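# Understanding the architecture of this molecule
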Amino acid sequence: MENVHWIRQSKEAPPERSSMAAFGSVAVVPFQHKKLSSVNYSCRYFYANGWKKKKKLRFQRKRWIVSSTCPPEETSPISVSFTSAPVPHLSHFLTDLDTFPHPFLLQDATSYRPLNLNFISEQDGVINKVVWNKQEPQNLVVYPRAGPRERIVFDPKSVKAAIVTCGGLCPGLNTVIRELTECLRYQYGVVDIFGVLQGYRGFYSKEWIRLDPERVDAIHKLGGTILGSSRGGFDLNKIVDAIVQRGIHQVYVIGGDGTIRGAAQLSEECRRRKLRVTVASIPKTIDNDIPIIDKSFGFDTAVQEASKAIDAAHTEVSCFPNGIGIVKLMGRNSGFIALYASLSSREVDCCLIPEVPFVIHGRGGLMEYVAKCLSERGKMVLVVAEGAGQEYVGNDPSVEQLDASGNKKLGDIGHFLYEEIESTWKKQGMEVSMKYIDPTYMIRAVASNASDNIYCTLLAHSAVHGAFAGYTGFTVGPIHGRHAYIPMTEIVTAQKQVDLRDRMWSRLVNSTGQPDFSPRNIPKGFQGPCNIYSSPQSSQESIL
Ligand SMILES: Nc1ncnc2c1ncn2[C@@H]1O[C@H](COP(=O)(O)OP(=O)(O)O)[C@@H](O)[C@H]1O
Ligand SMILES: O=P(O)(O)OC[C@H]1O[C@](O)(COP(=O)(O)O)[C@@H](O)[C@@H]1O
Ligand SMILES: [Mg+2]
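Residues numbered from 1 in each chain as written. Chains lettered and ligands numbered in written order. Predicted model: local features only at pLDDT ≥ 70, side-chain atom pairs only at ≥ 80, totals over all residues. Heavy atoms only, no water.

### As for the UniProt feature "active site" (unreviewed entry) in the chain
Cross-referencing UniProt, the feature "active site" (unreviewed entry) maps to Asp287 in the present numbering. Inspection of the secondary structure puts Asp287 in the loop between β14 (278–283) and α6 (299–318). Residues contacting Asp287, with those up to four places away along its chain left out, are Met330, Gly331, Arg332, Ser334, Phe336 and Ile337. (UniProt positions renumbered as here; feature names shortened; annotations may be inferred. Helix = DSSP H or I, 4+ residues; strand = E, 2+ residues; numbered from the N terminus. Contact = heavy atoms within 4.5 Å.)

As structure tokens, then:
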């Protein structure tokens, strides 16, 4: 049974470049053929007829091969089904949708042209999963692959586009604005490109500005957004009215989860009014909490900047007796920045994130670990995400405080830990050198680094291609490295958080050496935030 191969049999040969979504539910059955063992193929779809080794595969004509060898004991069929992601499209509600050739195809096109004119077909897809267990049935989702289409639904010369940035700052905002403008002008020939100032409220309360390649030429070198941003101010009807009044066809919204919730409503309202308007979003947030996509732009840069703060903390604590450095980083509900910056620096002894509750005092708690670090190394670097340990510092839940966008205002866990650690050791007459670093806005108010710049370029270009293809209510982003169009409604249903079962979190714990401070791991009698002196069992515990 050594040369077992998995063959996906299909009665009808699928047409050239057919989308996997079109195949429906399939059974995968094992097939044995010794000659195949010499053929080097992997987990891709191959069209047997198209293979060079025709002789060897003669018997397999008009069949699809799924993967190479599989363990001999697995012989039962696996059920694999494909569902197409329901990305809204103008053709769903506009019956008279004309199409036009892509400007790349026009002989007189002066715009940028890809050398090989590699257009993306509507049948091309990106699957949501690349790692699977061969014994488990698979329900795969296929998203339309991002990229230029041969036929587009707007005459580029008549298109008016608007760009807006909303929510908190993020490295790369200006690069996205620049590349939207450049792609619209140079790849499609769009002349009327407008920048909406100060976020959503700017649609109806501010003058818009004109954007062109000259104006945006050097902005990718700047932090922030040349358009300005804001929280709050989302007024659906006023915004759509402004879009109609100014004759806008394409709206590009750059923002995070809140912004995309608003953009989904804009797209829906345009559909309801039967407007020939597409709404595209480019997902932004340093928190990296957007689901489905691999990561959000600006995250890499933020991690890089956060690592500098950690380095500074480490230098400080290394030079003073019993140095304890606390670095507070952004991350409202997700601890990705804290996790990745800690992992990259390798000098962090403890990383606290919103996803992991922690006990401070008592056996197995944070203070016990601080004592251990000081006695073993004479120093400690602690990184805390702003959303961690909110049960200790959260405001009165009966009067929940929200910002203008409806986001919960957080208590200051950084200062709380600073004071708690300092006072615990002071009580014992022990000298500790406390250092507190809060680089909050410094990690996001910078220009994007090189890799984020490239990433922003791809996101912006993909968004423009998607809008010209007629998609609306979509977000763009890479899924396992390939850019795809994703319905906004899917993006806003969940927030991505650090998966504690994932090996990345294990790597962090291995790197810091921190124990599990979560309440379930603490012996009874030592739980809760304020039980510092309850049931002391040794002199060591009594100070914790
Ligand atoms: N549920 C929502 N529906 C409509 N608009 C929203 C919603 N949540 C937030 N917004 C708007 O989106 C913009 C940015 O939201 P915010 O949460 O501040 O930042 P981010 O988009 O980065 O998450 C704000 O103008 C806000 O009013
Ligand atoms: O002080 P501000 O501007 O409200 O921003 C603080 C928040 O912005 C963020 O950087 C990103 O949040 P958004 O993605 O919602 O913009 C959070 O990490 C942080 O809590
Ligand atoms: Mg947000």
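### Remarks on the site of ligand 2
Every one of the 13 residues lining ligand 2 counts as a neighbour, but Thr285, Asp287, Met330, Glu386 and Tyr441 are closest to it. Within the side chain of Thr285, an N or O atom sits 2.8 Å from an oxygen atom of ligand 2. Here an oxygen atom of ligand 2 sits 2.6 Å away from a polar atom, N or O, in the side chain of Asp287. Notes on ligand 2: free accessible area 480 Å², of which the protein chains cover 83%. (Near = heavy atom within 4 Å. Polar contact = N/O pair within 3.5 Å; in protein donor to acceptor, adjacent residues only side chain to side chain. Areas by Shrake-Rupley, 256 points an atom, 1.4 Å probe, with all protein chains shown as cover.)

### Some remarks on the UniProt feature "binding site: substrate" (unreviewed entry) in the chain
In the UniProt entry, the feature "binding site: substrate" (unreviewed entry) is given for Thr285, Ile286, Asp287, Met330, Gly331, Arg332, Glu386, Tyr441, Met442, Ile443 and Arg444. Within the secondary structure, Arg332 sits in the loop between β15 (323–329) and α7 (336–345). Filtering out sequence-adjacent residues up to four positions away, Arg332 remains in contact with Arg231, Asp287, Pro354, Glu386, Gly387, Asp403, Asn407, Lys408 and Leu410. You can see Ile443 is positioned in the loop between β18 (433–437) and α11 (450–469). Every residue in contact with Ile443, bar those within four places of it in the chain, is listed here: Pro171, Ile286, Ala302, Glu305, Ala306, Met330 and Ile337.

### Things to note about the sheet that holds strand β19 (residues 474–479)
With mixed pairing, the 7 strands of this open sheet are ordered in space as β12-β11-β10-β13-β14-β19-β20. Edge positions in the open sheet fall to β12 (209–210) and β20 (482–487), since each of these has one partner strand only. Running at roughly 160° to strand β13 (residues 250–255), helix α1 (residues 173–188) makes contact with β10 (160–165), β11 (192–196), β13 and β14 of the sheet. (Pairing = 2+ DSSP bridges. Axes fitted to C-alpha atoms, helices over the stretch in contact; angles between N-to-C directions.)

### Observations concerning the packing of aromatic side chains
Counting across every chain of the model gives 15 aromatic pairs. Taken together, the aromatic side chains of Phe194, Tyr200, Phe203, Trp208 and Phe234 make up a single cluster linked through ring pairs. Here the guanidinium or amino end of Lys435 rests over the ring plane of Phe320, the centre of that ring lying 3.6 Å away. (Phe/Tyr/Trp six-rings, centres within 6.5 Å; stacked < 30°, edge-to-face > 60°. Lys NZ or Arg CZ within 6 Å of the ring centre and 35° of its normal.)

### Looking at the sheet that holds β18
Reading across from one edge, β16-β17-β15-β18 is the order of the 4 strands in this open sheet, with parallel pairing throughout. Each edge of the open sheet carries a strand with a single partner, namely β16 (350–352) and β18. Direction aside, the axes of adjacent strands within the sheet are offset by 15° on average. In the sheet, β15 pairs with strand β17 (residues 379–385) via 7 bridges, with the strands oriented parallel. Bridge assignment links Ile326 to a residue of β17, and that residue is Leu382. Of the strands in this sheet, β15, β16, β17 and β18 touch helix α10 (residues 413–427), which is tilted by about 180° from β18.

### Observations regarding the environment of Ile292
Its location among the elements puts Ile292 in the loop between β14 and α6. For the pair Ile292 and Ala161, spaced 131 residues apart in sequence, the C-alpha separation works out to 27 Å. Every residue in contact with Ile292, bar those within four places of it in the chain, is listed here: Tyr143, Pro478, Ile479, Ile486, Glu490 and Ile491.

### Some words on the nonpolar core
By size, the foremost hydrophobic cluster in this structure holds 108 residues, and its most contacted members are Leu180, Phe203, Tyr252, Ile282 and Phe297. Looking at this core, the element that brings in the most residues is α11, giving 9 residues. Dropping the residues within four chain positions of it, Tyr252 is found in contact with Ala161, Ala162, Ile163, Val164, Leu180, Leu184, Ala280, Ile282, Ala463, Val464 and Ala467. Listed in part, the 26 residues of the second largest apolar core include Ile324, Cys350, Ile360 and Leu366. (Core = buried A, V, L, I, M, F, W, Y, C linked by side-chain atoms within 4.5 Å. Buried < 20%, exposed > 50% of the residue type's maximum accessible area, 1.4 Å probe, protein only.)

### Considerations on the site of ligand 1
Close to ligand 1 lie 15 residues, the nearest being Arg231, Gly232, Asp257, Thr259 and Ser405. At a separation of 2.7 Å, an oxygen atom of ligand 1 approaches a polar side-chain atom of Arg231. Residue Lys284 places a side-chain N or O atom 2.8 Å away from an oxygen atom belonging to ligand 1. Burial of ligand 1 by the surrounding chains reaches 87%, relative to a free accessible area of 540 Å². Of the residues belonging to the shell around ligand 1, the class tally is 2 nonpolar, 9 polar and 4 charged. (Nonpolar A, V, L, I, M, F, W, Y, C, P; charged D, E, K, R; others polar.)

### Quick word on the pairing of β13
With 6 of its 6 residues buried, β13 lies for the most part within the structure. Because side chains alternate across β13, one face comprises the buried residues Gln250, Tyr252 and Ile254, and the other comprises Val251, Val253 and Gly255, equally buried. The pairing of β10 with β13 spans 5 bridges and is classified as parallel. Opposite Thr165, over in β13, you have Ile254 as the bridge partner. The pairing of β13 with β14 spans 6 bridges and is classified as parallel. If you follow Val253 over to β14, its bridge partner there is Ser281.

### Things to note about α6
In this model, α6 (20 residues) spans 28 Å end to end at C-alpha, consistent with the 28 Å of a helix rising 1.5 Å per residue. Those residues of α6 that sit buried are Phe299, Thr301, Ala302, Val303, Glu305, Ala306, Ser307, Ala309, Ile310, Ala313, His314 and Val317. If you follow the buried residues of α6, they end up packed against β15, α7, β17, β18 and α11. (Expected span 1.5 Å × (residues − 1).)

### Observations regarding the environment of Ala341
For Ala341, the position within the fold is in helix α7. When the C-alpha atoms of Ala341 and Thr475 are compared, they prove to be 27 Å apart, with 134 residues separating the residues in sequence. Setting aside residues up to four positions removed in sequence, Ala341 forms contacts with Val303, Ala306, Ser307, Ile310 and Leu329.

### Brief notes about the pairing of β10
Among the 6 residues that make up β10, 5 are buried, leaving the element largely enclosed by the rest of the structure. The pairing of β10 with β11 spans 5 bridges and is parallel. From the neighbouring strand, Val164 faces β11, where its bridge partner is Val196. In this fold, β10 hands off to α1, which returns the chain to β11; that crossover is right-handed. (Right-handed = clockwise from strand over helix to strand, strands pointing away.)

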